[in-house]
Amino acid sequence: MQTNYQEILENIVIEMQPFAKEGKQADYIPALAKVDPDKLGICLTTVSGETYKIGDADEKFSIQSISKVFSLAIALSLEGKELWKRVGKEPSGSAFNSLVQLEYEHGIPRNPFINAGAIVVADVLLTHLKDPKSFFLQFVRSLCDNQSIDYSPEVAESELACGYLNASIAYLLKYHGNLQNEVKDVLEFYSLMCSMMMSCTDLSRAFLAFAESNKPFCHGGVELTPSRVKRINAIMQTCGFYDEAGEFSFLVGLPGKSGVGGGIVAIYPSKYAIATWSPRLNNKGNSIMGMKILEEFTTQTSESIF
């Protein structure tokens, strides 16, 4: 019997309304503070091509740290296992922008999804690619088959203007010899990637490439073996939600990645990718409604990897 995903999503949105006003958007980035906090979108895309959506699923928003999955995929295709000499694969257990952990571990970030790790990955892309900004953009456009995807200069500039902690992280990485390019160039590229504007529909389509880990990964000039795609999924499972990764794994049971723009993407291997968007965040930087919706979704469908 085929699962009625559309009906399930519609019912869950109704059930989640008591939580609709909890939390607030990421107002420490001025451009994100302008976003309507009451937006809500969901889109699920199956590997066989069906799409189920509700609410503001086609409205673009700043994907922020969800972009780190895309940059990791490119870096892994460029460096392979050599990448893990500069960034780890372990959950952080600390805030995504922690300086203390980075100093304690002598400039080797715990994983590629905390800010320090993603800044190192941005540095890798700058070193290897002739035009990293264009390459990254074309890669993501290829993943979701949408040529209208683009960066938001406003968000990127807003993030750079108040990114003092990221600058501190970058200079600490440079001090420890784990940044090859100029700090200014790395931070500009990192902020630009985070500023990318996508919808839930775009994200669910883009992450199908990671859900179909049994197929060759070849998109926009990036090639990965099925084994490496599975490793990216494993890092999403253990590190995709900062120091709330264990909670997401426990409650939802899917590999996924969040961003402080309010987006969350999760995959059920060989079956579907699902994306949610709700800008109101909890104190860990994850979307409150998104977390609750996905928890209820896997509860009602009994579809998790466990």
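One structure accompanies this document, and this report is about it.

Scoring rules and cut-offs
Residues numbered from 1 in each chain as written. Predicted model: local features only at pLDDT ≥ 70, side-chain atom pairs only at ≥ 80, totals over all residues. Heavy atoms only, no water. Pairing = 2+ DSSP bridges. Helix = DSSP H or I, 4+ residues; strand = E, 2+ residues; numbered from the N terminus. Axes fitted to C-alpha atoms, helices over the stretch in contact; angles between N-to-C directions. Buried < 20%, exposed > 50% of the residue type's maximum accessible area, 1.4 Å probe, protein only. Lys, Arg positive; Asp, Glu negative; His and termini not counted. Salt bridge = Lys/Arg side-chain N within 4 Å of Asp/Glu carboxyl O. Contact = heavy atoms within 4.5 Å.

**What to know about the sheet that holds strand β2 (residues 51-55)**
Then step 1. Taken together, the five strands give an open sheet; going across it, the order is β2-β1-β9-β8-β7, and neighbouring strands pair in antiparallel fashion. At either end of the open sheet lies a strand with only one pairing partner, and these are β2 and β7 (256-258). Across the sheet, the mean angle separating the axes of adjacent strands is 5° when strand polarity is ignored.
Then step 2. The pairing of β7 with strand β8 (residues 263-268) spans three bridges and is classified as antiparallel. Paired with Ser-258 across the strands is Ile-264, a residue of β8.

**Quick word on the side chain of Arg-141**
Then step 1. If you trace the backbone, Arg-141 turns up in helix α6 (residues 132-144).
Then step 2. Buried within the structure, Arg-141 lacks any salt-bridge partner; its nearest side chain of opposite charge belongs to Asp-150, at an N-O separation of 4.0 Å.
Then step 3. Sequence-distant contacts of Arg-141, that is, excluding residues within four places in its chain, are made with Asn-146, Gln-147, Ile-149 and Asp-150.

**Here's the deal with the pairing of strand β1 (residues 41-46)**
Then step 1. Burial analysis of β1 places six of its six residues in the buried class, which makes it a mostly covered element.
Then step 2. Here β1 shows no split at all, with Gly-41, Cys-43 and Thr-45 on one side and Ile-42, Leu-44 and Thr-46 on the other all buried.
Then step 3. Pairing between β1 and β2: five bridges, direction antiparallel. Of the residues in β2, the one forming a bridge with Ile-42 is Ile-54.
Then step 4. Counting the residues between successive antiparallel strands, the hairpin from β1 to β2 contains four residues, one of them, Gly-49, with a positive phi of roughly 105°.
Then step 5. Taken together, the six bridges between β1 and strand β9 (residues 272-277) define a ladder with antiparallel strand orientation.

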